[in-house]
Structures are given as structure tokens and as C-alpha cells.
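One-letter residues, chain by chain:
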Amino acid sequence: MSNKNSADSDAIRVCCRFRPLNSKEKARGDEYIPKFFKDNHQQVKFQEKTYNFDYVFPSETTQEQLYISAAKPIVADVLQGFNGTIFAYGQTSAGKTHSMEGVMHNQELRGVIPRIVSDIFEYIYQFDESVVFHIQISYFEIYLDKIRDLLDPTKSNLAVHEDVNRVPYVKGATERFVASEEEVLAVLDEGKNNRKVASTNMNADSSRSHSIFLINVKQEDTKTETKLTGKLYLVDLAGSEKVGKTGAEGETL
């Protein structure tokens with residue numbers, strides 16, 4: 001998982017999360033080979049080689065622990081008017097979607113995205129009526145080099161443009177206004193139902209597209225006339241495995 005925010009243009013953090021062995025791996029008698037350091041959360045060891053990250057999350061890491069360390073600081077910056085990105089990268093079945101979404105409506109097992117939504121609205125509820133918020137949601141996927149709107153499947157070949165500040169945006173993408181945590185999660189569920197899924201040998205339910213869930217937070221203090229806008233891009237990448245291992249052919253390849 002990697003994240004970046006524009007509060008500091010060089011603020012890129014690369015975090016590495018390890019999942020436990022699954023049932024098939026246990027049945028085969030596979031060995032769990034990564035070794036973690038008790039008082040060092042930036043390194044992991046494989047046999048004699050040590051790898052360094054900004055943060056290492058061992059297999060017993062909870063969804064809440066991951067969110068607090070890897071994502072929560074980015075949300076704070078977005079609410080201060082900066083742009084941020086959080087994306088998950090790894091092979092199919094590595095746990096990307098579990099980390100980003102988890103079990104959406106389960107307080108303990110929900111992932112980064114639903115926790116972000118909850119934090120944003122908790123932040124909003126702290127203010128009186130003099131501060132006005134507008135939350136817009138866009139949800140799209142990149143599949144076969146085309147951008148497809150997941151909130152309006154009729155839009156299947158959208159183009160990327162730059163605004164006056166040279167910030168890229170997807171022209172024509174649906175922007176849905178939302179006013180509560182429940183509405184955001186409903187929009188997410190709607191988009192997920194439209195997301196393309198294709199089978200591979202590694203995971204029959206593996207999505208072969210990159211999904212991007214965009215939360216645009218606009219706020220205005222009517223007393224001071226101060227305005228802030230922060231965009232948060234939440235990206236779940238397609239599996240990064242080698243083609244030869246997937247058995248993918250034709251359109252999926």
C-alpha cells in the first residue's frame with residue numbers, strides 16, 4: 001500500500017502488509033517465511049535478506065491498526081485542503097481489496113475506504129452551520145486502457161484532461177453529491193456491482209481492472225469566506241502477477 005499527499009509534494013510512504021497463510025496453503029503444508037522484528041516496524045526479513053519500508057504490517061495486523069498508521073494522516077491533510085492518494089498494489093489474493101474495502105458494513109473488519117468515510121463525516125459534524133460542506137463522489141475503472149464510469153456504465157471511454165492548475169481529472173465522470181456516510185457506502189456498492197470481473201487461474205473472482213474511488217471535499221466558512229478543497233483518490237489496482245501464472249488469454253490478457 002502506498003500513499004501520497006500534497007501537503008508535502010515528496011510525502012510518499014510505502015507500507016507493506018502481510019496476510020496469513022490461507023486454507024489451501026495450510027493444507028499443502030506451506031511454510032510462512034517472512035520474519036518480523038519486535039521493535040522495528042520498518043523491516044522484514046526473508047531468509048538472509050532484509051527489506052526496508054516506511055512501515056511493515058505483520059499478518060496479525062487489524063484493519064484498525066492499518067488504517068491509523070497508513071491512511072488516517074492522509075485523510076487529515078485532505079480535510080485541510082490538500083490532495084491525497086492511497087493505492088494498494090500486489091498479486092491477486094494478496095489482500096488488496098480486503099485492505100481497501102474489507103467487510104464494508106462490519107465495524108471490525110471494514111477496510112480503509114469505509115473508515116475514511118466515517119472519519120470525514122465525524123469531522124464535518126464538529127462544525128456549526130457557518131461552515132458548509134459539499135461532498136462529491138466519483139467512481140470509475142480503467143479496463144483495457146479505457147476509463148469506464150462505474151456510476152453510469154453508458155460512459156465507457158472517458159478522457160483524462162488537466163485543469164488550469166495542471167491537475168488531471170476525468171472529463172465527463174459522474175459526480176454524485178452525498179450527505180451522509182450511508183449514502184457514500186451506497187454509491188460504493190452501486191459502483192462495485194458494475195465493476196468488470198474476469199476469471200484467472202489464480203482467483204476466479206479476481207477483478208482485472210483498476211478501480212478509482214474519488215472523494216472530493218469542498219468546505220466554505222461563511223463567516224470568514226475561507227474556502228478549502230481536497231481530493232482523495234482511493235485506488236484498488238488489478239493483480240500484478242506475471243501473465244504466465246494467471247493463464248489469462250484473449251481479452252483478459
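Conventions adopted
Residues numbered from 1 in each chain as written. Predicted model: local features only at pLDDT ≥ 70, side-chain atom pairs only at ≥ 80, totals over all residues. Heavy atoms only, no water. Axes fitted to C-alpha atoms, helices over the stretch in contact; angles between N-to-C directions. Helix = DSSP H or I, 4+ residues; strand = E, 2+ residues; numbered from the N terminus. Parallel < 35°, antiparallel > 145°, perpendicular 65-115°, else oblique. Left-handed = near helix turned anticlockwise from the far one by under 90°. Contact = heavy atoms within 4.5 Å. Nonpolar A, V, L, I, M, F, W, Y, C, P; charged D, E, K, R; others polar. Salt bridge = Lys/Arg side-chain N within 4 Å of Asp/Glu carboxyl O. Buried < 20%, exposed > 50% of the residue type's maximum accessible area, 1.4 Å probe, protein only. Expected span 1.5 Å × (residues − 1). Core = buried A, V, L, I, M, F, W, Y, C linked by side-chain atoms within 4.5 Å. 1 Å grid on protein atoms, 1.4 Å probe; cavity = no way out; pocket = protein on both sides within 12 Å on 5 of 7 lines; lining within 4 Å. Points joined across faces, edges and corners; volume = space filled by probe spheres on them.

Caption draft 1: Region of the structure containing the packing of helix α4 (residues 112–124) against helix α5 (residues 181–194). With their axes 9 Å apart at the nearest point, α4 and α5 run at an angle of 150° to one another. Compared by their axis directions, α4 and α5 come out roughly antiparallel. In the crossing of α4 with α5, the sense of the turn from one axis to the other is right-handed. Taking contact as the criterion, the partners of Ile113, Pro114, Val117, Ser118 and Phe121 in α4 are, on α5, Glu181, Val184, Leu185 and Leu188. Residue composition of the contact of α4 with α5, by class: seven nonpolar, one polar and one charged.

Caption draft 2: How the structure looks around the pattern of salt bridges. Tallying each qualifying case throughout the model produces eight salt bridges. A salt bridge links Glu101 to Lys192, with the nearest nitrogen and oxygen atoms 2.7 Å apart. Taken together, the residues Glu101 in the loop between α3 (96–100) and α4 and Lys192 in helix α5 connect sequence positions 91 residues apart. With a relative accessible area of 4%, Glu101 lands in the buried category.

Caption draft 3: Summary view of α4. Here α4 spans 19 Å end to end across 13 residues, near enough to the 18 Å set by a 1.5 Å rise per residue. Summarising burial for α4: 12 of the 13 residues are buried, a large majority. Three or more residues of α4 are buried, namely Val112, Ile113, Pro114, Arg115, Ile116, Val117, Ser118, Asp119, Ile120, Phe121, Tyr123 and Ile124.

Caption draft 4: Examining the nonpolar core more closely. Within the largest apolar cluster, 39 residues are counted, with the highest numbers of intra-cluster contacts made by Ile116, Ile120, Ile135, Phe213, Ile215 and Leu234. The element that contributes the greatest number of residues to this core is α4, accounting for eight residues. Other than its neighbours up to four places away in sequence, Ile116 contacts Tyr67, Val75, Ile86, Ile215, Leu232 and Leu234. Judged by nonpolar contacts, the second largest core, of 10 residues, contains Leu158, Ala173, Ile212 and Leu214.

Caption draft 5: Spotlight on the layout of surface pockets. Here the largest pocket defines a volume of roughly 1200 Å³. If you trace the largest pocket, you find 42 residues lining it, with Phe18, Arg19, Ser93, Ala94 and Gly95 closest to the centre. Where the lining of the largest pocket is concerned, the elements lending two or more residues are β2 (11–17), α1 (23–28), α2 (63–78) and α3. Among the elements that line the lining of the largest pocket, the one with the most residues is α1, at four residues.

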